[in-house]
Structure formats: structure tokens, C-alpha cells
Amino acid sequence: MQAVLKRIDRPVAIAFGFIVVLLLAGSLYSSSFLSANYLLQQLQVAAFLGLIASGVMLVILLGHIDLSIPWLVTVGGMMSTAAAGWWGPEWAIPFGVFCGLVFGIINGLGVAILRVPSMIFTLGINAVAQGVMVLHTGGFAPQDHATELMHWLAVERVVLGIPNAVFIWALLGIAIVVMLKKTPLGRYIYAIGNRETATYLSGVNTRLVIVTCFAISGMCSALAGVLLAGYSSKGYQAMGDPYLLPAIAAVVLGGTHILGGRGSYLGTIAGVILISLLASILSVMQMPEAGRQIIYGCVIIGMLLVYGRGQKVVG
């Protein structure tokens, strides 16, 4: 029994425990809270956040942060719909994700090569992406619409009533788990998060690893933007703004060390579901957006105080 308890990741167990508490609390407020349809709807909403959090987790494992998420999500959504109008619907998704990849690589180069603190550089790239989108639209609401495939991926339910977006999140999650557990890149990510200098001296191309993780983060944010555009039928200005703090909070809630070097994707899944349920309850309670952001910020600070001061361990 003691061996089993030692194998349990305490932050992950706490996150899942809070999920149970929120489900029970929600069921007391409304009898439909535990209905299959409502839970599937929450999974669909969580999938968008889960895609973003997947990339954010990799960056945080390195000991860095990506604050360009809001407008990279917007870039993915707006440029995918624009590409459909320019070249045809088959170009929409690839071009939207490609734009996220370009911005992600720029983030990685700024952090790895120029050695600018990630918080500063990614915040600057976020402003650049915002400017590019305003320039693209002239400051007006874009008139381009999502393609049928984007709408199908984001909204439709083909297998057992499960939203297609959840399957996309699952496929991405499996790929990241395999990468972290079964490839040298995964080991390098944890090693850099623990001690970048020692990893570099051991012969690892740490710069390439950092650029790769930021590139993946950019692609994940853009992909979420593509699906959000499909969900709402079009892209729009600042569509990614509500996702920055929830994505970081979900990763930290799941036990990923905010200073890098420790974390599991199972914890990120738990954090995403927990944040999504919390957002749903706050919405039912008609909590204003400002109040939600305060709660997300307090969650990050609280988890930093609880888990952010311990010794980092390679996972």
C-alpha cells in the first residue's frame, strides 16, 4: 500500500480530487450538471483549452513562459479563414497552423539565441501578432468564414456522441506523452528545466530544444484558434484573450513545476478539466470576467507557493 501511495503524484491526485468536489457542488446547484450531454459539452469546451495548455506545458517544463498565446490563437483563427478565401478551403487549417509555427519559432529564437527572458520576448511577440492582425483587417471585424471542415472538427460529434474536438486533443496528448516518455527530446526537455547549463555541457543542443518547444506551443495555440473559428463560424479580434491565464493555471494546477523540470501530461489534463468546470460554475453564478481573471491569478500564485519552492525532479 505504501508503495502505491509513493507512486501517486500528489498534485495530480489533488487536481482530480477538486474535480470530484466541483462535480458534486455543481450537482447540488443543478440536477443537469452531471448529465451526459452537459459533461460532453464541457469536454468540448475543455478541448480548446487543452490544445493550448499542451504547448504551454512544454514551455513551462523548460522553465520558461509563453505570453504570446492570446494573439497566436487569434492568428490561427483569422489567418485560417483568410486562407480559405484566398486560396480555397483546403489551405485553411494548414496555413493557420503554419502561421502559429512561424511565430513560435521566432519566440524560440529570441529566447534561445538572443537570450531575452521568455516573459519579455513572448509578450513583445504577442503585441507584434496583434499589430499584424489589425493591419490585416484594417481594424474592422473580418468577413471571412470558417470552412465546413473547421466547423466539423470543432462542433460535430461522430463517435458515441463525443465531440470531434476531444479526439483532436486526445491525439495531440498521446503524441506529447510519447515524446516526453519515449524520445530523447522528452528527456532533454526535463533536463533543461532542471539545469540548462549542465544539459548544454553534456552535449545537448539546448537551443534547438527550446526553439522546438516554442514552435510546438505556437502551433498548438494556432490550432486551437482554428477550431475556435470553426466553433464560432469565423475568426475575430482578441479571440484568444480569455485563454492565457486559464492555460497557465491548468498546467500549474496539474502539478507542472512553474520553474521547470517536473510535470506530467496527466496532470495537465486534470488541470484543464478542473479549470473548465470552474469556469462553467463561475458562468452559472454570473461571475464577471474580471472576477474570473482574479481567481485564475490567485490559483497560479497559490500553486506556486505550494509546489513552486520544492526541489525539481526529472519526471
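What counts, and at which threshold
Residues numbered from 1 in each chain as written. Predicted model: local features only at pLDDT ≥ 70, side-chain atom pairs only at ≥ 80, totals over all residues. Heavy atoms only, no water. Helix = DSSP H or I, 4+ residues; strand = E, 2+ residues; numbered from the N terminus. Rg over C-alpha atoms; globule rule 2.2 N^0.38 Å. Buried < 20%, exposed > 50% of the residue type's maximum accessible area, 1.4 Å probe, protein only. Contact = heavy atoms within 4.5 Å. Areas by Shrake-Rupley, 256 points an atom, 1.4 Å probe, with all protein chains shown as cover. Lys, Arg positive; Asp, Glu negative; His and termini not counted. Charge placed at Lys NZ, Arg CZ, Asp CG, Glu CD. Salt bridge = Lys/Arg side-chain N within 4 Å of Asp/Glu carboxyl O. Phe/Tyr/Trp six-rings, centres within 6.5 Å; stacked < 30°, edge-to-face > 60°. Axes fitted to C-alpha atoms, helices over the stretch in contact; angles between N-to-C directions. Parallel < 35°, antiparallel > 145°, perpendicular 65-115°, else oblique. Left-handed = near helix turned anticlockwise from the far one by under 90°. Polar contact = N/O pair within 3.5 Å; in protein donor to acceptor, adjacent residues only side chain to side chain. Expected span 1.5 Å × (residues − 1). Core = buried A, V, L, I, M, F, W, Y, C linked by side-chain atoms within 4.5 Å. Nonpolar A, V, L, I, M, F, W, Y, C, P; charged D, E, K, R; others polar.

The secondary structure content of the protein chain amounts to 14 helices and 2 strands. Radius of gyration (C-alpha) of the protein chain: 19 Å, near the 20 Å computed for a compact globule of 315 residues. With respect to the principal axes defined by its C-alpha atoms, the protein chain has extents near 55 × 55 × 35 Å. Buried positions account for 51% of the 315 residues belonging to the protein chain. Residue pairs in contact within the protein chain that sit at least 24 positions apart in sequence constitute 78% of those at least 6 positions apart. In the structure as shown, the protein chain presents an accessible area of about 14,600 Å², 70% of it carried by carbon and sulfur atoms. The distance from the centre of the 15 positive side-chain charges to the centre of the 9 negative ones in the protein chain is 21 Å.

Glancing now at the pattern of salt bridges. If you walk through the whole model with that rule in mind, you get 1 salt bridge. Residue Arg-115 pairs with Glu-196 through a salt bridge whose shortest N-O separation is 3.3 Å. Here the residue Arg-115 occupies a position in the loop between α5 (92-112) and α6 (118-137), and Glu-196 occupies one in helix α10 (residues 196-201), the gap between them amounting to 81 residues.

Let's shift gears to the packing of aromatic side chains. Two numbers describe a pair of aromatic rings. These are the distance of the centres and the angle of the planes. Applying the stated criterion across every chain yields a total of 5 aromatic pairs. Each ring, one from Phe-48 and one from Tyr-231, has its centre 5.3 Å from the other, and the planes form 65°; the classification is edge-to-face. In this pair, Phe-48 sits in helix α3 (residues 36-61) while Tyr-231 sits in helix α11 (residues 206-232), placing the two residues 183 residues apart along the sequence. Classification of Tyr-231 by relative accessible area gives partly exposed; the value is 37%. Three or more aromatic residues link up through ring pairs in this structure, and these residues are Trp-86, Trp-87, Trp-91 and Phe-95.

Let's shift gears to the packing of helix α2 (residues 10-29) against helix α13 (residues 265-284). At a minimum axis distance of 9 Å, the contact between α2 and α13 shows a crossing angle of 25°. When the axes of α2 and α13 are compared, the pair comes out roughly parallel. α13 is crossed by α2, and the crossing has left-handed handedness. Between α2, through Val-12, Ala-15, Phe-16, Phe-18, Ile-19, Leu-22, Leu-23 and Tyr-29, and α13, the contact on the second element is made entirely by Leu-266, Gly-267, Ala-270, Ile-273, Leu-274, Leu-277, Leu-278, Ile-281 and Val-284.

The next point concerns the environment of Thr-137. With respect to the secondary-structure elements, Thr-137 resides in helix α6. Taking the relative accessible area as the measure of exposure, Thr-137 reaches 14% and is therefore buried. C-alpha separation for the pair Thr-137 and Leu-61, spaced 76 residues apart in sequence, amounts to 35 Å. Setting aside anything within four residues of it in sequence, one finds Thr-137 in contact with Met-78, Pro-142 and Gln-237. Polar contacts involving the side chain of Thr-137 include one to the side chain of Gln-237, which spans 2.7 Å.

Turning to its location among the elements, Gly-225 is positioned in helix α11. Judged by its relative accessible area of 0%, Gly-225 is buried. In sequence terms Gly-225 and Arg-262 are 37 residues apart; their C-alpha atoms lie 28 Å from each other. Contacts of Gly-225, omitting those with residues within four sequence positions, involve Val-73, Gly-76, Gly-77 and Met-239.

Bringing helix α4 (residues 69-87) into the picture now. Taking 1.5 Å of rise per residue, 19 residues should cover 27 Å, and α4 covers 26 Å from first to last C-alpha, within 8% of that figure. Of all 19 residues in α4, 16 are buried; the element is thus mostly enclosed. After α4 finishes, the residue Gly-88 shows a positive phi value of roughly 120°.

Counting 91 residues, the largest nonpolar core has Ile-52, Val-56, Leu-180, Ile-189, Leu-227 and Ile-248 as the members making the most contacts within it. Broken down by element, the residue count for this core peaks at 14 residues, all from α3. With residues near it in sequence (within four places) discarded, Ile-189 still touches Leu-58, Leu-61, Leu-62, Met-179, Leu-180, Val-209 and Cys-213.

Attention now moves to the packing of α5 against α11. Packed helices, taken two at a time, are described by the angle between their axes plus the distance between the axes. It is at 7 Å that the axes of α5 and α11 come closest, and there the two elements cross at 145°. Here the hand of the crossing between α5 and α11 comes out right-handed. Mapping the contact onto sequence places Ile-93, Gly-96, Val-97, Gly-100, Leu-101, Gly-104, Ile-105, Asn-107, Gly-108, Leu-109, Val-111 and Ala-112 in α5 and Arg-207, Ile-210, Val-211, Phe-214, Ala-215, Gly-218, Met-219, Ala-222, Leu-223 and Val-226 in α11. When its residues are assigned to classes, the contact of α5 with α11 shows 15 nonpolar, 6 polar and 1 charged.

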